[in-house]
Amino acid sequence: MLRQLFAPQLVILYVLVASTLYVHFRGKQRLRFARQLGDHSTYLAPYNVLMYAGSAVPNTPVIPVEQFPELKKLSDNWETIRDEATRLFDEGFIRAAAKNNDWGFYSFFKSGWKRFYLKWYDDFLPSARTLCPKTVELLNSIPNVHGAMFAMLPPGGKLGAHRDPFAGSLRYHLGLVTPNSNQCRILVDGVECVWRDGEAFMFDETFIHSAENKTDVNRIILFCDVERPMKYGFMTRMNRWVSHNIVKASATQNVDGEHVGALNKVFGKLYEVHLASRKVKEWNRNVYYTLKYSATALILGLIVISAIR
């Protein structure tokens, strides 16, 4: 019996459950538990708990940006970056994905949020090299910036409470074109950060956060994923491997012809299933949730059965 209780399948399940509970109760704010079960942060919970345990910076919602002196180069040159961003926006390049191939941010587009990718886990996009070479040059001089984009939130735009799935990076925001108002802000586990021109802040995007722009001015920022500093060299190497071989697979495009990673190619196919499930939910919520939780119970049941046989 003891051997069955500690079968590899069940040990993996125990680790997943324990890690998910830790992630769920981390911080002051949390998702509804039913939502957490299906959230992408659940599937990465074991990895993320390792990142929290080995983090060389505080596990707090907001981290002093001064702990990343290499990023000062960006805020020192914010006007140069702003000029390239505003030109891109004026020419229509900061926009929603034209296809269903941006898994990481697809839910933001319905609120009017728009983006232009500069770099995604190693690779600068060809369109970014061509259209904003000065910003690319600055980013290229800072190796721990793994991902970067320009992001726009329109007047009245709002991003609902959510947590991002990957704790191997931290999120850096630099205000470029902002209302300079407390009415345009992000709340990270209840901590308010306000976007202002030329000012930057750093936060842990795996805490629950939401954003809003209650002004009549577009908000444009430089948005970067910065490698989380780790206490131990082996964890740094592990995190870089995951970043460069797995997270990189979520790459997408600004314009046709640019590379789309494997995860986003798969997402494009699965999105059709998602749309079908939404139709079922609109038709009958009880049927939708019965099917959803039955599928989850079936998977768990199969795991348990495989362990006790």
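Residues numbered from 1 in each chain as written. Predicted model: local features only at pLDDT ≥ 70, side-chain atom pairs only at ≥ 80, totals over all residues. Heavy atoms only, no water.

Draft legend 1. Here's a closer look at the nonpolar core. Counting 70 residues, the largest nonpolar core has L74 and F150 as its most contacted members. Ranked by residues supplied to this core, first place goes to strand β4 (residues 145-153) with seven residues. (Core = buried A, V, L, I, M, F, W, Y, C linked by side-chain atoms within 4.5 Å. Buried < 20%, exposed > 50% of the residue type's maximum accessible area, 1.4 Å probe, protein only. Helix = DSSP H or I, 4+ residues; strand = E, 2+ residues; numbered from the N terminus.)

Draft legend 2. Highlighting the pattern of salt bridges. Under the counting rule described, the total for this entry stands at 15 salt bridges. With a closest N to O distance of 3.9 Å, R87 and E91 form a salt bridge. For R87, a relative accessible area of 32% translates into the label partly exposed. Between R228 and D204 there is a salt bridge, with the nearest N and O atoms lying 3.0 Å from each other. With a gap of 24 residues between them, R228 in the loop between β11 (219-227) and α10 (233-245) and D204 in the loop between β9 (200-203) and β10 (209-213) connect regions that are remote in the sequence. Since its relative accessible area comes to 1%, D204 is described here as buried. When salt bridges that share partners are traced, they join D164, R171, E205 and D225 into one network. (Salt bridge = Lys/Arg side-chain N within 4 Å of Asp/Glu carboxyl O.)

Draft legend 3. Expanded view of the sheet that holds strand β8 (residues 191-194). Across the sheet, which stays open at both edges, the four strands sit in the order β5-β10-β7-β8 with antiparallel pairing between neighbours. The open sheet terminates on both sides in strands that have one partner only, identified here as β5 (158-162) and β8. Put simply, the sheet's adjacent strands are angled 15° from each other on average, direction ignored. Two strands pair when backbone bridges link them, and strand β7 (residues 184-188) and β8 are joined in this way by four bridges, in the antiparallel orientation. In the sheet register, V188 faces β8, and the bridge partner there is V191. (Pairing = 2+ DSSP bridges. Axes fitted to C-alpha atoms, helices over the stretch in contact; angles between N-to-C directions.)

Draft legend 4. The arrangement of the side chain of S243 in detail. In this structure, S243 sits in helix α10. Ignoring sequence-local partners within four residues, the contact set of S243 consists of Y121, H146, F166 and K248. (Contact = heavy atoms within 4.5 Å.)

Draft legend 5. The arrangement of empty space enclosed by the protein in detail. Enumeration over the complete set of coordinates arrives at one cavity of 30 Å³ or more. Size it by volume and the largest cavity reaches roughly 130 Å³. Surrounding the largest cavity, 17 residues form its lining, F108, L159, H173, I186 and F223 being those nearest its centre. Those elements that place two or more of their residues in the lining of the largest cavity are β5, β6 (169-177), β10 and β11. Here the lining of the largest cavity gets three residues from one element, more than from any other, and that element is β11. Here the residues of the lining of the largest cavity sort into 11 nonpolar, three polar and three charged. (1 Å grid on protein atoms, 1.4 Å probe; cavity = no way out; pocket = protein on both sides within 12 Å on 5 of 7 lines; lining within 4 Å. Points joined across faces, edges and corners; volume = space filled by probe spheres on them. Nonpolar A, V, L, I, M, F, W, Y, C, P; charged D, E, K, R; others polar.)

Draft legend 6. Representation of the packing of aromatic side chains. Tallied over the entire structure, the rule returns 12 aromatic pairs. Both rings, one in Y117 and one in W120, keep their centres 5.5 Å apart while their planes meet at 85°; by these two values the pair is edge-to-face. According to the relative accessible area criterion, Y117 is buried, its value standing at 2%. Site record: aromatic cluster; members linked through ring pairs are F105, F108, F109, W113 and F223. The ring of Y52 has R26 lying over it, and the distance from NZ or CZ to the ring centre is 3.6 Å. Above the plane of the ring of F207 lies R26, whose end atom (NZ or CZ) is 3.9 Å from the centre. (Phe/Tyr/Trp six-rings, centres within 6.5 Å; stacked < 30°, edge-to-face > 60°. Lys NZ or Arg CZ within 6 Å of the ring centre and 35° of its normal.)

Draft legend 7. Structural context of the packing of helix α5 (residues 45-54) against α10. Where α5 meets α10, the closest approach of the two axes is 11 Å, and the angle between their N-to-C directions is 145°. Between α5 and α10 the crossing geometry is left-handed. Residues Y47, L50, M51 and G54 of α5 pack against M235, M238, N239 and V242 of α10. Among the residues making up the contact of α5 with α10, the classes are represented as six nonpolar, two polar and no charged. (Left-handed = near helix turned anticlockwise from the far one by under 90°.)

Draft legend 8. Expanded view of the side chain of E227. Mapping E227 onto the fold places it in strand β11. Looking at E227, its side chain comes within polar contact range of the side chain of R240, at 2.9 Å. With residues near it in sequence (within four places) discarded, E227 still touches F68, N144, H146, G168, S169, T236, N239 and R240. (Polar contact = N/O pair within 3.5 Å; in protein donor to acceptor, adjacent residues only side chain to side chain.)

Draft legend 9. Inspection of the sheet that holds β9 at higher detail. Pairing within the open sheet is antiparallel, and its seven strands lie in the order β1-β9-β6-β11-β4-β2-β3. Two strands in the sheet have a free side with no partner beyond their single neighbour: β1 (62-63) and β3 (123-124). Alignment of strand β2 (residues 114-120) against β4, held across six bridges, turns out to be antiparallel. When the sheet's bridge partners are listed, K119 is paired in β4 with A148. Against the sheet, helix α7 (residues 78-90) contacts β2, β4, β6 and β11, and its axis sits at roughly 80° relative to β6.

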